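# Close look at the chain arrangement
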Amino acid sequence: MFSDAWKTGRLHAEFQTETTAPANIAWVKYWGKKGPQLPANPSLSLTLTESRTHTILQATPASDLKLELWFQGQREEKFEKKTLAFLASLAAELPSLGHAHYKITSRNTFPHSSGIASSASSQAALALALGELLAHISGTFADINAVGSLARLGSGSACRSFFPGFVTWGETSLIQGSSDLHAMDVTPQVHANFHGAKDCILIVSSKEKTVSSRAGHGQMSAHPYAHARFAQANLHMSEMWHALTTGDWQKAGNVMEADALSLHALMMTSRPGFVLLEPGSLEIMRLVRLFREESQVPVYFTIDAGPNMHLIYPHEAHAKVEAFVRHELLRLTENGSGVIWDGMGTLT
Ligand code: PMV
């Protein structure tokens, strides 16, 4: 997975780098793993622009591995433990990483651990920093797929954050060149109708979720519906791919909603089952469907592993969706003001 050049060498002087990476929102979800953090099914996502993690990594040469982690201006012991374990696991394959004392200072533009794919942006930003460190130590360039693999080992969905626009991860016969090992930019194949797609994120609750994605993925190996889900995810991929390449918003939106609800149904029917949705999430679903039916505005919802709602729509519909959100949905969000206006960046 990693080049031999990355497996040798040692850090000799203090190194510092600053990176940033965006979150992404899956339209067809990855839920369940196999092997070394490989996806049980292919997924497809939209990379966002506003929701990001900024990270500063400082590394000092040392005989052992230590870490101090600061997040949003505070020392964060929980993340520190997790990240230290991650660095130690990487060091088993990339020994130079095991001989440094690290200080990581990170900040998000949005709440973490509440199902806004914060692990995607934070692990992608960390992988970029580690890729730069390894490139510096070995005197080589950091290859995007190798950095993507570093990110994937930290959080599966993070490997999709390296490309703007529409991104797929996981092998599928639908897309030539797709791989379980790294993500792939498919924006050029996606119909212009979807370019500039918007994502209005409604923060129903920014409280840290009670069950981590890692635990949820783990439950899939013994889930009674696992087989049916993986077949369904592949079907959703094929329907979504057809919709995206033909410009069919209605079809893409219907598949997106079905896939998000399926994700939450899997959580509820795990052993032990868990519910991440809040009453406000359900009310937003109901109101979005009602508004869509009455106004014919193509706005659809999706949800990651948390209670927060993503409204996905074409950029042309922004004024109408904005008015709808302000009049009918804001009151259901945290403090009546939990909204992030995000979406796909403009293509240059
Ligand atoms: O990237 P992870 O391992 O934290 O898993 C996240 C999975 C979902 O966000 C629920 C779905 C997805 O494909 O992004």
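Residues numbered from 1 in each chain as written. Predicted model: local features only at pLDDT ≥ 70, side-chain atom pairs only at ≥ 80, totals over all residues. Heavy atoms only, no water.

### Some details on the site of the ligand
Around the ligand there are 14 residues in total, and Tyr30, Ser155, Ser157, Arg160 and His217 lie nearest to it. Between the ligand and histidine 217, the relevant distance is 2.9 Å, taken from an oxygen atom to a side-chain nitrogen or oxygen of the residue. In the complex, the protein chains occlude 94% of the 380 Å² of accessible area that the ligand would expose alone. Looking at the shell around the ligand residue by residue, the class counts come to 5 nonpolar, 6 polar and 3 charged. Counting the residues that make up the shell around the ligand, at least three belong to each of domain 1 (4–169) and domain 2 (195–343). (Near = heavy atom within 4 Å. Polar contact = N/O pair within 3.5 Å; in protein donor to acceptor, adjacent residues only side chain to side chain. Areas by Shrake-Rupley, 256 points an atom, 1.4 Å probe, with all protein chains shown as cover. Nonpolar A, V, L, I, M, F, W, Y, C, P; charged D, E, K, R; others polar. Domains from an automatic or database assignment.)

### With respect to the domain arrangement of the protein chain
The assigned domain composition of the protein chain is domain 1 (4–169) and domain 2 (195–343). The distance between the C-alpha centroids of domain 1 and domain 2 comes to 25 Å. Listed per partner, the contact involves 33 residues of domain 1 and 43 residues of domain 2. Between domain 1 and domain 2 the total buried area reaches about 3,200 Å² when both faces are included, carbon and sulfur atoms providing 67% of it. The interface formed by domain 1 and domain 2 contains 2 salt bridges. Where aspartate 304 meets lysine 29, a salt bridge forms, and the shortest distance between an N and an O atom there is 3.0 Å. Applying the counting criterion to the domain 1 and domain 2 interface returns 11 residue pairs in polar contact (both at pLDDT 80 or more). Looking at the side of domain 1 that touches domain 2, the elements with two or more residues in it are β1 (15–28), β4 (43–61) and β8 (166–169). (Contact = heavy atoms within 4.5 Å. Buried area = accessible area lost by both parts, 1.4 Å probe. Salt bridge = Lys/Arg side-chain N within 4 Å of Asp/Glu carboxyl O. Helix = DSSP H or I, 4+ residues; strand = E, 2+ residues; numbered from the N terminus.)

### Description of helix α3 (residues 144–154)
Taking burial as the measure, the 11 residues of α3 include 8 buried ones, the bulk of the element. By the burial criterion, the buried members of α3 are Ala146, Val147, Gly148, Ser149, Leu150, Ala151, Arg152 and Gly154. (Buried < 20%, exposed > 50% of the residue type's maximum accessible area, 1.4 Å probe, protein only.)

### Topic: the sheet that holds strand β13 (residues 339–343)
Hydrogen bonds between backbone atoms are what pair the strands of a sheet, whose relative direction is either parallel or antiparallel. Here we have 4 strands laid out as an open sheet, ordered β11-β12-β10-β13, and antiparallel in their pairing. Edge positions in the sheet fall to β11 (300–303) and β13, since each has one partner strand and no second. Pairwise comparison of adjacent strand axes, ignoring direction, gives a mean angle of 25 degrees for this sheet. Helix-sheet contacts for helix α6 (residues 249–268) involve β11 and β12 (309–313), and the interaxial angle to β11 is about 30 degrees. Lying over the sheet, helix α8 (residues 318–329) contacts β10 (198–202), β12 and β13, oriented at roughly 160 degrees with respect to β13. (Pairing = 2+ DSSP bridges. Axes fitted to C-alpha atoms, helices over the stretch in contact; angles between N-to-C directions.)

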